[in-house]
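Chain by chain, the residues:
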Amino acid sequence: MNGKHILLCVTGGIAVYKAVALVSKLTQAGFQVKVLMSESAQQFVTPLTFQSMSRQHVYTDTFDEKDPQGIAHIDLADWADLVVVAPATANVIGKYANGIADNMITTTLLATTAPVWIAPAMNVHMYDHQAVKDNINRLYERGIQFIEPSEGYLACGYVGKGRLEEPEKITAIISSYFNEKEKQPLKGRNVLITAGPTREKIDPIRFFTNHSSGKMGYALAQAASKLGANVILVSGPTNLTPPSNVKTINVNTAQEMYDAVMEHANASEVIIGAAAVADYRPRQVYDEKMKKKDGSMIIEFERTQDILKTLGQQKMNQILVGFAAETERLEEYALKKLQSKNADLIVANNVSEKDAGFATDTNRISIFNRNGINKVLPLLTKEQASIEILKEVEQLLEEVEYENRESNR
């Protein structure tokens, strides 16, 4: 961990004493740690204590500029590889969620572009208050990570959730984060993923759709983000929570998904079409509810625009991955789709098989590439299947880069 910079923001609460131990543990692990303290935090522990542990200046006041050559809170914001707020009070969480910058910690939080992690510590009822939960949710939606408090005896006398996580565990989580970050083969890559079903409207009451839950596409988005990719997820209607650190664009119809994908396709190096997009839509959409009549009903359908085929026709050096959900002749249809869509990979599965169909947490996939290689995988969780798919994508990206280097010689 040598050379990694941790900016620790310490706010007021009895758990400040744990922050002292956290600085010690992080320093022993090889991190460089600088500490920012709020005014209330200084009521519990002096800045000198943190200075002794970190062997760095401790910062407490926006207007106390120790170096006339720079602006301290901006320099600290730029210096950090990771910003950790521990302990984080309800007060600082609320200010950060609402963009309030009235002290050195909050101004630095708004100025940094580094990842921000928050480790709350407060009374159990405060932590459970709707206002606090709303602020936490708002920050979570912005990609802020939380180190959940543990349960136990609190300084106020209550027993419950609200204790700052132990310094040893926080240090382990931070170390693991940087270890994983070093293994990010997709770092900086722009990846576009589609997920979920589409809904094709008939009238204000009814629509046609399919059984897709979006779980496979969301798992792919989460996995790609962990591998360092800049991920845009274009999602049809699902009941899933979007992965953190992923830009999610919500759509309903096949046309809306087509438009969103085409808007971002040119800037994407990898495009993965995991959505179950409707092939047809009603030719006529009624403004008022259709009333039932005697006898049968005939609804005329028209083709939707083929997103994968259009991408295949216009792609340059992009990696294009399609999905084939089949109920029979899996290999035949997958290979046919691979050619007709000009894709680089087709991920196929038999949705009629147990534990491999729509809405399941597992999948049994086969990956077909343009060299005729069929990689058949056993039953995996969708998270595990995502990793296997992205391994194939990584290899294809390496091949593209090699070909580009050779052509430029």
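All chains use their own residue numbering, which begins from 1 and follows the written sequence. Given that the model is predicted, a residue must reach a pLDDT of at least 70 before its local features are reported, and side-chain atom pairs must reach 80 or more before they are shown or counted; all residues, however, enter totals for whole chains, interfaces and linings. Hydrogen atoms and water are omitted, and side-chain values are computed over all heavy atoms in the structure.

Attention shifts here to the sheet that holds strand 20 (residues 366–369). Taken in spatial order, the 8 strands make up an open sheet running 13-12-9-14-17-18-20-21, and their pairing is mixed. A single partner strand is all that each edge strand has here, and the edge strands are strand 13 (247–250) and strand 21 (374–376). On average, adjacent strands in this sheet sit at an angle of 15° to one another, irrespective of strand direction. Two elements, strand 14 (residues 270–273) and strand 17 (residues 319–326), share 4 bridges in a ladder whose sense is parallel. If you follow I272 over to strand 17, its bridge partner there is V321. Here, any two strands with at least 2 DSSP bridges between them count as paired. Only DSSP runs of H or I covering at least 4 residues are called helices, and only runs of E covering at least 2 are called strands; the numbering of each starts at the N terminus. Only the contacting stretch of a helix is used when fitting its axis, a line to C-alpha atoms as for every element, and angles between N-to-C directions run 0 to 180 degrees.

Let us now look at the pairing of strand 12 (residues 230–235). With a 1.4 Å probe rolled over the protein chains alone, any residue whose accessible area is under 20% of its type maximum counts as buried; one over 50% counts as exposed, and the rest are partly exposed. Buried residues dominate strand 12, accounting for 5 of its 6 residues. In terms of strand pairing, strand 9 (residues 190–195) meets strand 12 through 6 bridges, oriented parallel. Residue L192 lies in a different strand from strand 12, and its bridge partner there is I232. The sheet contact formed by strand 12 and strand 13 spans 4 bridges and is parallel. Bridging across to strand 13, L233 finds its partner in T248.

If you walk across this open sheet you meet the 6 strands as 3-2-1-4-5-6, and the pairing is parallel. With one partner strand each, in any of the chains shown, strand 3 (58–59) and strand 6 (145–146) form the two edges of the open sheet. Relative to strand 2 (residues 32–37), strand 1 (residues 5–10) is paired through 6 bridges, and the arrangement is parallel. Note that in strand 2 the partner of C9 across the bridge is L36. Sheet strands in contact with helix 1 (residues 16–28) are strand 1, strand 2 and strand 4 (82–88), and its direction is about 175° off that of strand 1. Contacts are residue-level and defined by heavy atoms, with any inter-residue pair within 4.5 Å sufficient. The strands touched by helix 3 (residues 72–79) within the sheet are strand 1, strand 2 and strand 3, with strand 2 carrying the most contacts at an inclination of about 140°.

For the purposes of this description, domain bounds are those given by an automatic or database domain assignment. Each domain of the protein was delimited in the assignment, giving domain 1 (5–182) and domain 2 (190–286 + 298–408). Computed from C-alpha atoms alone, the centre-to-centre distance between domain 1 and domain 2 is 39 Å.

What follows deals with the nonpolar core. Joining through side-chain atoms within 4.5 Å is the link that ties buried Ala, Val, Leu, Ile, Met, Phe, Trp, Tyr and Cys residues into a set, and such a set is a nonpolar core. Counting residues in each nonpolar core, the largest one holds 34 residues, and the members touching the most others are I193, L220, I272, I319, F323, I389 and L390. Elements represented by at least two residues in this core include exactly strand 9, helix 9 (215–226), strand 12, strand 14, strand 17, strand 18 (345–350) and helix 13 (382–407). With 7 residues, the single largest contributor to this core is helix 13. Other than its neighbours up to four places away in sequence, I319 contacts E269, V270, I271, D344, V393, L396, L397 and V400.

A few words on the packing of helix 10 (residues 254–265) against helix 11 (residues 307–314). When two helices pack together, their arrangement is captured by the angle between the axes and the distance separating the axes. Between helix 10 and helix 11, the least distance of the axes is 10 Å, while the angle of their chain directions is 25°. Regarding the angle of helix 10 to helix 11, the classification is roughly parallel. Here the hand of the crossing between helix 10 and helix 11 comes out right-handed. The segment helix 10 lies against helix 11, with A254, M257, Y258, V261, M262 and A265 engaging I307, T310, L311 and Q314. Residue composition of the contact of helix 10 with helix 11, by class: 8 nonpolar, 2 polar and no charged. When describing relative orientation, an angle under 35 degrees is termed roughly parallel and one over 145 degrees roughly antiparallel, while 65 to 115 degrees is termed roughly perpendicular and anything else oblique. With the far helix as reference, a near helix turned anticlockwise by less than a right angle produces a left-handed crossing, and one turned clockwise produces a right-handed crossing. When residue character is reported, Ala, Val, Leu, Ile, Met, Phe, Trp, Tyr, Cys and Pro are called nonpolar, Asp, Glu, Lys and Arg charged, and the others, Gly included, polar.

The next thing to look at is the environment of S235. Relative to the helices and strands, S235 resides in strand 12. Separated by 15 residues in the primary sequence, S235 and N250 have C-alpha atoms spaced 5.0 Å apart. Here S235 is in contact with A195, Y218, T248, I249, N250, V251 and M257, once residues within four sequence places are set aside. Any pair of nitrogen or oxygen atoms within 3.5 Å is treated as a polar contact; in protein, a donor-acceptor pairing is required on top of that, and neighbouring residues in sequence qualify only through side-chain atoms on both sides. A polar contact of 2.7 Å, which involves the side chain of S235, links it to the side chain of Y218.

Looking now at the pattern of salt bridges. Salt bridges are defined as contacts in which a side-chain nitrogen from Lys or Arg sits within 4 Å of a carboxyl oxygen from Asp or Glu. What the rule picks out here adds up to 19 salt bridges. Of the charged contacts, one joins K375 and E388 as a salt bridge, the two residues approaching to 3.5 Å between their closest N and O atoms. One end of the pair, K375, is in strand 21; the other, E388, is in helix 13, with 13 residues separating them in the sequence. For the salt bridge of K375 with E392, the shortest nitrogen-to-oxygen distance reads 3.1 Å. Here K375 is found in strand 21, whereas its partner E392 is found in helix 13, with 17 residues between them in sequence.

Take the environment of Q339 next. Within the secondary structure, Q339 is located in helix 12 (residues 330–340). Separated by 31 residues in the primary sequence, Q339 and R370 have C-alpha atoms spaced 8.0 Å apart.

When its relative accessible area of 14% is taken as the criterion, E392 is described as buried. With residues near it in sequence (within four places) discarded, E392 still touches L345, I367 and K375.

Take the confidence of the model for the protein next. For the protein, the mean per-residue pLDDT works out to 90, and 95% of the residues sit at or above 70. Confidence, expressed as mean pLDDT per element, reaches its minimum in the protein at strand 7 (residues 150–153) with 63 and its maximum at strand 14 with 98. One confidence number per residue, pLDDT, is output by the predictor and ranges from 0 to 100.

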